[in-house]
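# Chains, contacts and geometry: an overview
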Amino acid sequence: MQLSKENYKQKVKLFERLRDRGIFWSYSKEMQYEDLPENIFIEYLLKYGDFDEIKRGFELFGKRAMKKVWEAKLKSDRSFIKLNLMLARVFFGMDVESDYFKETENARFEKLKLLTS
């Protein structure tokens, strides 16, 4: 029980550091950790956190949760190819090149195409 309470405190601490830096720019500056769904927190952490913050996120949330969000939200977004390459190689142990991400279906691009048609 103590471990999960400490884990929670560390998640709140990481959240507050990111919030105070303006990482959650599209949300209220007064927002609390409990107000943000975990998957959104992880998504913004992966997109805008620095290397040490992302590393800390893996320690706090676990590789499975981080990879699930990465695959759902970032992997197919071509505007994050360099970030995706780093995440895939360093954190997920994948032996890939940037072409791997250029060939994945770009969900964001497809949504924009639908909006303009």
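Here's a quick rundown of the structure. Keep in mind it's a predicted model, so treat the numbers as computed, not measured. (Residues numbered from 1 in each chain as written. Predicted model: local features only at pLDDT ≥ 70, side-chain atom pairs only at ≥ 80, totals over all residues. Heavy atoms only, no water.)

## Describing the pattern of salt bridges
As a reminder of what qualifies: Here, a salt bridge means any side-chain nitrogen of Lys or Arg that lies within 4 Å of a carboxyl oxygen of Asp or Glu. Starting at the N terminus, helices and strands are each numbered in turn, a helix being any DSSP run of H or I of at least four residues and a strand any DSSP run of E of at least two. Categorising residues by exposure relies on relative accessible area from a 1.4 Å probe, with only protein chains included: less than 20% of the type maximum marks a residue as buried, more than 50% marks it as exposed, and the intermediate range marks it as partly exposed.
The final tally for this structure, using the stated rule, is seven salt bridges. The salt bridge partner of K11 is E38, with a shortest N-O separation of 3.7 Å. Pair noted here: K11 is in helix 1 (residues 2-20) and E38 is in helix 2 (residues 38-48), with a separation of 27 residues, a long-range link. Relative accessible area serves as the criterion here: at 13%, K11 is assigned to the buried category. Using a relative accessible area of 39% as the deciding quantity, one classes E38 as partly exposed. One salt bridge connects E59 with R56, and the closest N-O pair in it is separated by 2.7 Å. Pair noted here: E59 and R56 are both in helix 3 (residues 51-61), with a separation of three residues, about one helical turn. Judged by relative accessible area, E59 falls into the partly exposed class, the value being 47%. Overall, the relative accessible area of 26% leaves R56 in the partly exposed class. In this structure, a network of salt bridges that share partners links the residues R17, R21 and E53.

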